[in-house]
Amino acid sequence: MRNRSPYPPYHRVLIDPKPMRLVDGIVVRLSSIMIVGSVLWGPFIAYSFLKRIMKKYKVDPTARKRILIAGAFASLVIIFGPHRKRKVGKWLNVRNWKLWDSWMRFVSYTVIQDLGDKEDDEGFSVDLWTEQAILSIIPHGIFPFGLGLAALPADAVRAFGLFRVVIASATNLFPIVSTVCSWLGAVDASKSSVNSALAAGDSIGLAPGGIAEMFEGYPKVGCEPNDEVALLMKRKGFVKMAIQHGLPIIPCYTFGATKMFKRLDLPLLEKISNFLRISLCIFFGKFGLPMPFRQHLLYVIGRPIFPPSLVENKQDVNVIVDDMHQKFIVELVRIFNKYKHSYGWGHKRIVLK
C-alpha cells in the first residue's frame, strides 16, 4: 500500500497536532511574558517597589537596611519556599492545566517514534510508561521549550511517559519557571542529584547541550543560517550515568525548538554565562518581547541506545562510554537527516560540536 503519510516509512505517530484557536495565541503570549519574562520583570518590580517605599516614607538608613534584608529574605522564600514542593504540584494538578493545551496547539505539537529501517520494531523500543530510561531531548534552544513541553502537559505523557526534568541551578533566576519545575520533581543538574533520582527508579529527561548550547548557531561567528548546532562531542556525562545505572538512552530531536526566540550575539555575555553557569542571554520574540514566534514543534524519538553490561564487558570503561556515545550521535544524526525534508528543512544540516 502506498505511504500517504508526510513522513518517511517506518514510523509511528504518537501525538498528532491539533488546530490552534485564536484564544490559544493570546494565552500563550501572555503566559510567556509572565513565565519566561519573569527573569526581567521580577527584579524590576521588586526594585521599583522597594525604592518607592523608601522614597514615600523617607526611610532612614537603619530602616532601609532592614527593608533590604526583609526583601532578600522574601526573595529566598519565593525561590526556595515550601510552596515549591512536588506534592504541591500534585495537589494543584499542574499537568492538567488547560494552559498547556493552548501551548500544544500553538506549536502544532507532533511526536513521532521512528522505527528504524524495518516495520517490525520488536527489541528496538522502550515502553516509557513502565520502563526507566534517560531521555535526551535535543536541542536546548534559547529557552528549553522542547524539554519543557515534553515534560509538562498531561497529553505529552502519552508519548514520553513520566520523567523528571534535569535543570541547571540557574533556573532559579526564573521564579515561576523554577517553581513549576519543582512541582514536577525537577532534578538539579549536579551529579549527586541525578544519581539519586536514577537510583530511586525515576526516569529523567535532559538537554545535554545545556546553557552553553543557547549561544550556538546563527548569528554566532562561524555559524551559517542553515546550521542546527548540537553540543555533544564532549558531553558524555549522561552516557556515563546510563552505563552506571544500566539504562537505555532515548535520543529525541525537536525540530523547530531553536526558532521560537532570536538572540543578540554578544561573545562577552557568552563567556560570563559559561563561567558562572547562568543564562545571561539577550533574547527576544514577537514584537521584541519575551513572546515566542509561532513554530511547529516536531519531536522525533529515535531508537534507544542500550548500555553494555559492565560485568560481562572487559573493556576499559572509557572505551565503553565512547562507543555508546558514538552510537547515540549516529542515531541522532540519522533521525535528523531522515525527517528534515518532511519538516521543510531539507536545506539544513546538523552540526555537532
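Residues numbered from 1 in each chain as written. Predicted model: local features only at pLDDT ≥ 70, side-chain atom pairs only at ≥ 80, totals over all residues. Heavy atoms only, no water.

1. Quick word on the packing of aromatic side chains
Step number 1: One pass over the full model with this rule turns up 16 aromatic pairs.
Step number 2: Taking the centre distance of 5.6 Å and the plane angle of 40 degrees together, the rings of F145 and F261 count as tilted. On the criterion of sequence distance, the pair formed by F145 in helix α6 (residues 145–151) and F261 in the loop between β8 (249–255) and β9 (262–263) is long-range, its members being 116 residues apart. Just as F145 is buried, F261 falls in that class too.
Step number 3: With centroids separated by 5.4 Å and ring planes inclined at 65 degrees, the aromatic side chains of F160 and Y299 adopt a geometry described as edge-to-face. A residue pair is termed long-range when its members are at least 10 positions apart, and F160 in helix α7 (residues 157–160) and Y299 in strand β11 (residues 298–301) qualify at 139 residues.
Step number 4: Look at F160 and you get buried, because its relative accessible area is 1%.
Step number 5: The structure contains a cluster of three or more aromatic residues connected by ring pairs, namely W103, F106, F143, F145, F261 and F283.
Step number 6: When the ring centre of F293 is taken as origin, the NZ or CZ atom of K262, which lies over that ring, is 5.4 Å away.
Step number 7: The cationic tip of K286 hangs over the ring face of F287; the distance from NZ or CZ to the ring centre is 5.1 Å. (Phe/Tyr/Trp six-rings, centres within 6.5 Å; stacked < 30°, edge-to-face > 60°. Helix = DSSP H or I, 4+ residues; strand = E, 2+ residues; numbered from the N terminus. Buried < 20%, exposed > 50% of the residue type's maximum accessible area, 1.4 Å probe, protein only. Lys NZ or Arg CZ within 6 Å of the ring centre and 35° of its normal.)

2. Considerations on the nonpolar core
Step number 1: Of all hydrophobic cores here, the largest spans 53 residues; its most connected members are W103, Y109, V111, I137, F160, F163 and Y299.
Step number 2: Core analysis: the next-biggest nonpolar cluster, separate from the first, contains 37 residues, V194, F238, I249 and I305 among them. (Core = buried A, V, L, I, M, F, W, Y, C linked by side-chain atoms within 4.5 Å.)

3. Observations concerning the pattern of salt bridges
Step number 1: In the structure shown here, the tally under the stated rule is 16 salt bridges.
Step number 2: Residue R263 is joined to D265 by a salt bridge in which the shortest nitrogen-to-oxygen separation is 3.5 Å.
Step number 3: Between E331 and R334 there is a salt bridge, with the nearest N and O atoms lying 2.8 Å from each other. Taken together, the residues span about one helical turn, with E331 and R334 both in helix α12 (residues 317–343) at a distance of three residues.
Step number 4: Among the charged side chains, a network of salt bridges with common partners joins D114, R303, E331, R334 and K338. (Salt bridge = Lys/Arg side-chain N within 4 Å of Asp/Glu carboxyl O.)

4. A word on the side chain of E228
Step number 1: The residue E228 is located in strand β7 (residues 227–230) in this model.
Step number 2: A distance of 3.5 Å separates a polar atom in the side chain of E228 from a polar atom in the side chain of Y253.
Step number 3: Within the structure, E228 has its side chain in polar contact with the side chain of K348 (distance 3.4 Å).
Step number 4: With residues near it in sequence (within four places) discarded, E228 still touches Y253, T258, K259, F336, W345, K348, R349, I350 and V351. (Polar contact = N/O pair within 3.5 Å; in protein donor to acceptor, adjacent residues only side chain to side chain. Contact = heavy atoms within 4.5 Å.)

5. What to know about the sheet that holds β8
Step number 1: Taken in spatial order, the eight strands of this open sheet run β1-β2-β11-β8-β3-β6-β4-β5, and their pairing is mixed. Each of the sheet's edge strands pairs with one partner strand only, and the pair in question is β1 (11–15) and β5 (187–188).
Step number 2: Direction of pairing for β8 relative to β11: antiparallel, over a ladder of four bridges. Residue T254 lies in a different strand from β11, and its bridge partner there is Y299. (Pairing = 2+ DSSP bridges.)

6. A word on the packing of helix α1 (residues 22–35) against helix α5 (residues 98–106)
Step number 1: Direction vectors running N to C along α1 and α5 enclose 110 degrees, while the axes themselves pass 9 Å from each other. Comparing the axis directions of α1 and α5 gives the class roughly perpendicular. For the pair α1 and α5, contact is made by D24, G25, V27, V28, R29, S31 and S32 and by L99, S102, W103, R105 and F106, respectively.
Step number 2: When grouped by side-chain class, the residues that make up the contact of α1 with α5 number five nonpolar, four polar and three charged. (Axes fitted to C-alpha atoms, helices over the stretch in contact; angles between N-to-C directions. Parallel < 35°, antiparallel > 145°, perpendicular 65-115°, else oblique. Nonpolar A, V, L, I, M, F, W, Y, C, P; charged D, E, K, R; others polar.)

7. A word on the packing of helix α9 (residues 191–199) against helix α10 (residues 237–245)
How two helices sit against one another is set out by the angle between their axes and by the gap between those axes.
Step number 1: At a minimum axis separation of 11 Å, α9 and α10 run at an interaxial angle of 35 degrees. For the pair α9 and α10, the crossing hand works out as right-handed. For the pair formed by α9 and α10, the contact residues are K191, V194, N195, L198 and A199 on the first element and M241, Q244 and H245 on the second.
Step number 2: Residues of the contact of α9 with α10, tallied by class, amount to four nonpolar, three polar and one charged. (Left-handed = near helix turned anticlockwise from the far one by under 90°.)

8. Details of α1
Step number 1: Spanning 14 residues, α1 covers 20 Å between terminal C-alpha atoms, matching the ideal 20 Å at 1.5 Å per step.
Step number 2: Here α1 has its buried residues at D24, G25, V28, R29, S31, S32 and I35. (Expected span 1.5 Å × (residues − 1).)

9. Structural notes on α12
Given 3.6 residues per helical turn, the α-helix brings residues three or four places apart onto the same face.
Step number 1: For α12, with 27 residues, the first-to-last C-alpha span of 38 Å sits near the 39 Å given by 1.5 Å per residue.
Step number 2: Along α12, the sharpest kink reaches roughly 25 degrees, centred on N337.
Step number 3: After α12 finishes, the residue G344 shows a positive phi value of roughly 95 degrees. (Bend = angle between axes of the 7 residues up to and from the residue.)

10. Concerning the pairing of β8
Step number 1: Of all seven residues that make up β8, seven are buried, and the element is covered over most of its length.
Step number 2: Sheet analysis places strand β3 (residues 134–138) next to β8, joined by five bridges and oriented parallel. Note that in β8 the partner of S136 across the bridge is P251.

Nothing here speaks to function; it is geometry throughout.
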